Amino acid sequence: MNFEAVIGIEIHVEMKTKSKMFSSSPVAFAKEANTLVSPLDIAFPGTMPIVNKQAVINAIRVSNALHMEIDNELHFDRKNYFYSDLPKGFQITQDQRPIGKNGYVDVKLSNGTVKRIEIERLHMEEDTCKQLHMADYTLLDYNRAGTPLIEIVSRPSIRSGEEAMKYVEAIKSIVVFTDVSDGKMEEGSLRCDVNVSIRPYGSDKFGTKVEVKNLNSTANVQRAIDFEVKRQTKLLLSGVKVEQETRRFDEMKRETVLMRKKTDAIDYKYFEEPNIVPIKLSDDFIQNAISTCPELASQKLERYIKVGLTEEEANQMLQNRLMASYFDECLKINPKRAKAYWNWLNGDILAYLNKNEIEITSLKVTPDNLDSLIDMIEKSTLSFNQARNVFEKMTIDNKSASLIADESGLKQNSNEDEIRKIVLQTIEEFPQSVVDYKAGKDRAVGFLVGQIMKKTKGKVNPQITSKLVVEILKTK
Amino acid sequence: MLKYDLETIKKCANNLMFDMTDEQYEVLLGEFKTIIKEMELLDEIEGVNDISPMTFPFDVTTSYLREDEALTCLDKEEVLKNAKEVLDGQIKLPKVVG
Amino acid sequence: MYLGKTIEELHELLVSKKVTPLELTKEAIEALKKDQTNALETLCEKEAIEFASSLIEPEVDNPFWGIPYACKDNFSTKGILTTASSNILKDYVPVFDATVVEKLKAAKAVLICKTTLDELAMGGTGTSGHKGITYNPYDPSKTYKIGGSSCGSASVCAQGIVPFSLGSDTGDSVRKPASYAGLVGVKPTWGRISRFGLFPFAPSLDHVGYFTRSVKDSALVLSLLAGEDLTHDATCSTKPVEDYYSLINGDIKGKKIAYIKEINEGIKDQCIKDKFNECIDILREKGAEVNEVSIDKKILSAIYPSYMVISCAEATSNNANLDGIKFGPRVGEVSTYQEVMINARTKGFGELIKRRFVIGSYSLLSANKEELFIKAQRIRHLIVDKVNEVLKNYDAILAPCSGKVKSPIVNNSDNIFSDIDVDSMIIENHLGIGNFAGLPSISIPVGIDQGMPFDFNLTCKAFDEVNMFNLAYSLEKELNLVNLSTVKKVNE
């Protein structure tokens, strides 16, 4: 029997707003424990939630990028349950009326086809406090409590590990490029829970669903699902039922392992949050959130191809949002140099960043200065190799390329009159070369250029020199 | 008909993270009997199923959203002041499993 | 010397330097130490004396300068123990002030004590706090209740120790005890006063309320406490606050007042019946139109069960933060976080509270929600619509606060639905309409029967506090029952 996988994914995205979802305490990471806490975050009695405007703007932007219907009135609900990391004993979320619903995202698969993944809902909620588990006790840090979250719930329209991976990548790209989140799975700012079941091809019933947690990279999403599909197929083929359970992905073993059997579903006793009256969102507010949204990766991709990058090159650039925005700055200076910028960014600049383990935002070379460097190459003021030397110096202090070239005497001489003098002088020094040339030995040209380079320590433009050598030899 | 035997309400209490004495459960069962009966009687009121449920006392909406500005928050000492067990600036609990 | 005086009277004395804030404070504290009603949670002696000592130069335009007041112990007070009369909070010391407490501090009113309440404000008898029963100062025999949940605040104001005190009102927790204690009890429109720092019972019904001994004082208090609080309570209205005190003119000519036939059918005491007729006459004499209107008894008797379901459901969630982790007691040896919670909550909550939590939680379970919680919310809508229909044609609804002048303290009086007749159930619970609909509502003393005072209630349109105070003032003036307290000899 052949089975198909039915996969649904819930993604939690931690927003990088300045303040929390419902309080004014700062959102920040890796700060001293319990120093970013307001009375609301730790659920002191009498505190009430006040909705963060930027969180709403972010949710609208992501909803829009996912082609969702956006609600023009905000409603929040309480999800009631007890857990050690849940300060209030309930989480404020949007159960009845998510801000976004009925959307989709198209992902391109490796076989070239495009798959549309349907998305059921997007809603805002708040994060719990962080637990630090020690050998025989647990410590609670409330800095994270109340951090704004977006939850995106797909419909079970995903059919393979690859589709799932591409879907998560697409969501990640959207939240990163809209500046909503760092989207770092490895650091937990983008977390996904995957529901996997299988069923015979052609069936419209759902099989027993297994939830997989602890997926810290998109690659692991694919691996975990591929493993899980194989595991469930094997079970069914050998006549064993799939149990409803929660599993986690073990990165070392590259397999899913049982966390817990699903007991009775928790009844969350949802009801509307009585401390947040419905908030009307005007059309202007929604439109403004959308129109001021930072450009999405998919929009950038189109633009990059227009200025002459291949799709592969463009995608390469979009791997890193900061790199892409640097590239955008460059394109503003001279879109015709797109390819040259790309070459630098993916060559020396990337190598430099990697070597020094820094982001491009810490690079001292400004887009303007990179452009002036490229300009000097194009005008043959610098050879490519000289340019690389100049670049290296530019990374130390932000001086213009030409200033550095001047200071280090690296500037290449392209003045024809000056070069002509040197050529004439050199030909006089090596009369045999004239004889050789006349006898049809072309290497005489190379020999002379080499001598000139040696004499000038490489500071003359080789193309011009070579051209002049031929010109003058012909007149002899 | 809503089900409210001893087992149901015990489970309900335990899910709320407390327990009660048998006597107290008995009193509670009596209260359940009355309140559920009273609530069932309300079906007789004309229009009760045609009207929407009401959360807020009157039709109240706002367009106010808080600007995203981080303000000063509590000192760590204030955060931890009321906690009974504190270690390394954090609240200490027995090991949380699962 | 200065006990039993109103805010207005004390202000006069303070401004003319006949008395200092410190003297007032010391006198009030001494009186509190002799309290026989079990009204005190915490006496703020040190803080109050320190603050009162700092008040030297009287502020003529600030009626609250140097005035002592009491605060129900479910308002967050920075650095001052706040227990909500529950063992689960028996050592909780808040790190911030409630907005109303902050406003009073800024106005230089002197907080002298935190007062008892029914545990977590979830009760109406004044008997369920962790310190036991709070008694009615009008009844030295300790037979009749003062009512709750704002029992302690009612008692200290009725004893004349403070001219005003803060309470909270989710069903009638200010307006009902006001009646038993012969006080003016106010709960304004939902959203008129910020609830930030008020420990929530059921936020969609919760109101900050207060007691005074005159209508004019109560207008002063509202002008101070009302107003937006966008950084802390977004449900709080941004409508401008009016100068309620100055707008009182006693002119009620042409005002229309309704009373509800089915509510009054529950009146048991003849003196209440007589007083009601007397009040109607007074109002008519002063030029108001008073008419009887009718609301289906089935709807009115639905108030109590639907109130129980909604308030208990919200309460179970609001009090889920009381888990013994961040604050509250750690009880016994524990090896799991669940045990931390279970021990704290099992030992920390009283019996009544637990039963109410279970009812609330049960009402929200997905299997029961439609039949209980949602149905109760529909009933609420129905009741609110009916009342607003009446108020479309009337400025106010006048009603007795209770069918009886006094009500005995019964051991298990707070069991839900002690067997009472339908008429009693209606009249004893109709004040909840003000909470369902969020309407401004005031109880004012109208009579004294065998030494025990009783109030009537006026409920007006949302944000129509001006009319509410004006109507109440007119009645108060004619009845000549301003500034009752046990300090003065009560004239029958």
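Structural data are supplied above this passage.
Described in the following lines is the structure provided in the data block. Everything numeric in this text was worked out from a predicted model, so none of it was measured. (Residues numbered from 1 in each chain as written. Chains lettered and ligands numbered in written order. Predicted model: local features only at pLDDT ≥ 70, side-chain atom pairs only at ≥ 80, totals over all residues. Heavy atoms only, no water.)

1. A short note on the overall build of chain C
Line of reasoning, step 1. Counting secondary structure elements, chain C contains 18 helices and eleven strands.
Line of reasoning, step 2. For 492 residues, the compact-globule estimate of 2.2 N^0.38 gives 23 Å, and chain C sits close to it at 21 Å.
Line of reasoning, step 3. Overall, chain C is about 70 × 60 × 45 Å in size when its C-alpha atoms are taken along their principal axes.
Line of reasoning, step 4. Expressed as a percentage of its 492 residues, the buried residues of chain C come to 69%.
Line of reasoning, step 5. Taking all contacts inside chain C whose residues are at least 6 apart in sequence as the whole, residues at least 24 apart take part in 78%.
Line of reasoning, step 6. Total accessible area on chain C stands at roughly 15,200 Å², and carbon and sulfur atoms take up 49% of it.
Line of reasoning, step 7. Positive and negative charge centroids in chain C, built from 55 and 63 side chains respectively, lie 2 Å apart. (Helix = DSSP H or I, 4+ residues; strand = E, 2+ residues; numbered from the N terminus. Rg over C-alpha atoms; globule rule 2.2 N^0.38 Å. Buried < 20%, exposed > 50% of the residue type's maximum accessible area, 1.4 Å probe, protein only. Contact = heavy atoms within 4.5 Å. Areas by Shrake-Rupley, 256 points an atom, 1.4 Å probe, with all protein chains shown as cover. Lys, Arg positive; Asp, Glu negative; His and termini not counted. Charge placed at Lys NZ, Arg CZ, Asp CG, Glu CD.)

2. Quick notes on the sheet that holds strand S12 (residues 210-215) of chain A
Residues and elements named next belong to chain A.
Line of reasoning, step 1. Strand order in this open sheet of nine strands is S2-S6-S7-S10-S1-S11-S12-S13-S14, and the pairing throughout is mixed. Whereas interior strands pair on both sides, the edge strands pair on one side only; in this sheet they are strand S2 (69-70) and strand S14 (255-261).
Line of reasoning, step 2. Where strand S13 (residues 245-250) meets S14, six bridges bridge the pair, whose relative direction is antiparallel. In the strand pairing of S14, Arg247 is matched with Leu258.
Line of reasoning, step 3. Across the sheet, helix H1 (residues 53-65) touches S2, strand S6 (100-108), strand S7 (114-126) and strand S10 (148-154), and the angle it forms with S7 is around 170°.
Line of reasoning, step 4. Each of strand S1 (3-14), S6, S7, S10 and strand S11 (190-200) is contacted by helix H2 (residues 161-177), which is oriented at about 20° to S1, the strand it contacts most. (Pairing = 2+ DSSP bridges. Axes fitted to C-alpha atoms, helices over the stretch in contact; angles between N-to-C directions.)

3. Quick word on the nonpolar core
Line of reasoning, step 1. Core analysis: the largest hydrophobic core is formed by 203 residues, its most contacted members being Val358 and Phe469 of chain C.
Line of reasoning, step 2. With eleven residues, helix H15 (residues 370-393) of chain C is the single largest residue contributor to this core.
Line of reasoning, step 3. Apart from residues lying up to four places away in sequence, Phe469 of chain C is in contact with Val186, Tyr210, Val215, Ser218, Ala219, Leu222, Tyr244, Ile248 and Ile442 of chain C.
Line of reasoning, step 4. Ile11, Ile60, Ile117 and Val175 of chain A belong to the second-largest nonpolar core, a separate cluster that totals 103 residues. (Core = buried A, V, L, I, M, F, W, Y, C linked by side-chain atoms within 4.5 Å.)

4. Topic: helix H7 (residues 321-333) of chain A
Residue and element names in this part refer to chain A.
Line of reasoning, step 1. The end-to-end C-alpha distance of H7 is 19 Å, a good match for the 18 Å that 13 residues give at a rise of 1.5 Å each.
Line of reasoning, step 2. Next to the buried residues of H7 lie H2, helix H5 (297-306), helix H6 (311-317), helix H8 (338-356) and helix H9 (367-378).
Line of reasoning, step 3. The N-cap residue of H7 is Asn320: its side-chain oxygen and the backbone nitrogen of Leu322 are 2.8 Å apart. (Expected span 1.5 Å × (residues − 1). Polar contact = N/O pair within 3.5 Å; in protein donor to acceptor, adjacent residues only side chain to side chain.)

5. Here's the deal with the packing of H9 of chain A against helix H10 (residues 384-394) of chain A
For any two helices packed against each other, the geometry comes down to the angle between their axes and how far apart the axes lie.
Residue and element names in this part refer to chain A.
Line of reasoning, step 1. In contact at an axis separation of 10 Å, H9 and H10 are set at 160° when each is read in the N-to-C sense. In terms of axis orientation, H9 runs roughly antiparallel to H10. The element H9 and its partner H10 pack so that their crossing is right-handed. Between H9, through Asn369, Leu370, Leu373 and Ile377, and H10, the contact on the second element is made entirely by Phe384, Ala387, Val390, Phe391 and Met394.
Line of reasoning, step 2. In terms of residue class, the contact of H9 with H10 is built from eight nonpolar, one polar and no charged. (Parallel < 35°, antiparallel > 145°, perpendicular 65-115°, else oblique. Left-handed = near helix turned anticlockwise from the far one by under 90°. Nonpolar A, V, L, I, M, F, W, Y, C, P; charged D, E, K, R; others polar.)

6. Section: the pairing of strand S4 (residues 77-80) of chain A
All names here are of chain A.
Line of reasoning, step 1. On S4, burial covers both faces: Asp77 and Lys79 on one face and Arg78 and Asn80 on the other are all buried.
Line of reasoning, step 2. Relative to strand S5 (residues 90-93), S4 is paired through four bridges, and the arrangement is antiparallel. In the sheet register, Asp77 faces S5, and the bridge partner there is Thr93.
Line of reasoning, step 3. The pairing of S4 with strand S15 (residues 271-272) spans two bridges and is classified as antiparallel. Bridged to Asp77 within S15 is Glu272.

7. A short note on the packing of aromatic side chains
Line of reasoning, step 1. This structure, assessed with the given rule, holds 29 aromatic pairs over all chains.
Line of reasoning, step 2. In textbook terms, an aromatic cluster arises when at least three aromatic residues are bridged by ring pairs, as seen for Phe44 of chain A together with Tyr92, Phe199 and Phe327 of chain C.
Line of reasoning, step 3. For the cation-ring pair, Lys79 of chain A lies above Tyr268 of chain A, with the distance from its terminal atom to the ring centre recorded as 4.4 Å. (Phe/Tyr/Trp six-rings, centres within 6.5 Å; stacked < 30°, edge-to-face > 60°. Lys NZ or Arg CZ within 6 Å of the ring centre and 35° of its normal.)

8. Considerations on the environment of Ile57 of chain A
Residues and elements named next belong to chain A.
Line of reasoning, step 1. Residue placement: Ile57 occurs in helix H1.
Line of reasoning, step 2. In this structure, the C-alpha to C-alpha distance between Ile57 and Val180, residues 123 residues apart in sequence, is 9.3 Å.
Line of reasoning, step 3. Dropping the residues within four chain positions of it, Ile57 is found in contact with Phe285 and Ala289.

9. Some points on helix H10 (residues 270-285) of chain C
Line of reasoning, step 1. Taking 1.5 Å as the rise per residue, H10 of chain C with 16 residues should run 22 Å; its terminal C-alpha atoms sit 23 Å apart, in good agreement.
Line of reasoning, step 2. Positive backbone phi, at 100°, marks Gly287 of chain C, one or two positions downstream of H10 of chain C.

10. A word on the sheet that holds strand S8 (residues 130-133) of chain A
Line of reasoning, step 1. Taken together, four strands build an open sheet; the order of strands is S8(A)-S9(A)-S2(B)-S1(B) and the sheet is antiparallel. Strands with a single pairing partner mark the edges of an open sheet, and in this sheet they are S8 of chain A together with strand S1 (86-87) of chain B.
Line of reasoning, step 2. Pairing of S8 of chain A with strand S9 (residues 137-141) of chain A, which is carried by four bridges, proceeds in the antiparallel orientation. Looking at the pairing, His133 of chain A lines up with Thr138 of chain A of S9 of chain A.

11. Here's the deal with the interface of chain A and chain C
By convention, interface size is frequently given as the accessible area that disappears when the constituent parts associate.
Line of reasoning, step 1. In this complex, chain A contributes 28 residues to the contact, which on the side of chain C involves 39 residues.
Line of reasoning, step 2. Taking both partners together, chain A and chain C bury about 2,700 Å²; carbon and sulfur atoms supply 65% of that area.
Line of reasoning, step 3. Contact with chain C buries area across many residues of chain A, yet Pro45, Met48 and Phe82 of chain A alone supply 22% of it, more than any other trio.
Line of reasoning, step 4. Linking chain A to chain C there are zero salt bridges. (Buried area = accessible area lost by both parts, 1.4 Å probe. Salt bridge = Lys/Arg side-chain N within 4 Å of Asp/Glu carboxyl O.)

12. Notes on the pattern of salt bridges
All names here are of chain A.
Line of reasoning, step 1. Tallying each qualifying case throughout the model produces 65 salt bridges over all chains.
Line of reasoning, step 2. With a closest N to O distance of 3.4 Å, Arg321 and Asp179 form a salt bridge. In this pair, Arg321 sits in helix H7 while Asp179 sits in the loop between H2 and S11, placing the two residues 142 residues apart along the sequence.
Line of reasoning, step 3. On the basis of relative accessibility, which here comes to 24%, the residue Arg321 falls in the partly exposed class.
Line of reasoning, step 4. A residue is classified by how much of its surface remains accessible, and Asp179, at 34% relative accessible area, is partly exposed.
Line of reasoning, step 5. Among the ionic pairs, Asp375 bridges to Lys379, the shortest N-O distance being 3.0 Å.

13. Notes on the side chain of Asp85 of chain A
Residue and element names in this part refer to chain A.
Line of reasoning, step 1. Within the secondary structure, Asp85 is located in the loop between S4 and S5.
Line of reasoning, step 2. Comment: no salt bridge for buried Asp85; closest opposite-charge side chain is Arg144, at 4.8 Å.
Line of reasoning, step 3. Residues within four places of Asp85 in sequence aside, it is in contact with Thr128, Cys129 and Gln131.

14. A word on the interface of chain C and chain B
Line of reasoning, step 1. Each partner contributes residues to the interface: chain C has 71 residues there, and chain B has 53 residues.
Line of reasoning, step 2. When chain C packs against chain B, close to 5,500 Å² is buried across both sides, 70% of that on carbon and sulfur atoms.
Line of reasoning, step 3. Its largest share of buried area at the contact with chain B, chain C owes to Arg330, Tyr362 and Arg378 of chain C, together 13% of the area lost on that side.
Line of reasoning, step 4. Summed over the shared surface of chain C and chain B, the result is four salt bridges.
Line of reasoning, step 5. Asp91 of chain C is the partner of Lys84 of chain B in a salt bridge, and the nearest nitrogen-oxygen pair spans 3.3 Å.
Line of reasoning, step 6. At the junction of chain C and chain B, the tally comes to 18 residue pairs in polar contact (both at pLDDT 80 or more).
Line of reasoning, step 7. Among the elements that make up the side of chain C that touches chain B, the one with the highest residue count is H15 of chain C (13 residues).
Line of reasoning, step 8. In terms of residue class, the side of chain C that touches chain B is made up of 39 nonpolar, 17 polar and 15 charged.

15. Comments concerning unusual backbone geometry
Residues and elements named next belong to chain C.
Line of reasoning, step 1. The omega angle of the peptide bond from Gly148 to Ser149 is 5°, so this bond is cis rather than trans.
Line of reasoning, step 2. In this structure, Lys108 is a non-glycine residue whose phi angle is positive, near 65°.
Line of reasoning, step 3. Tracing the backbone through its elements, the reader meets Lys108 in the loop between helix H4 (99-106) and strand S3 (110-115).

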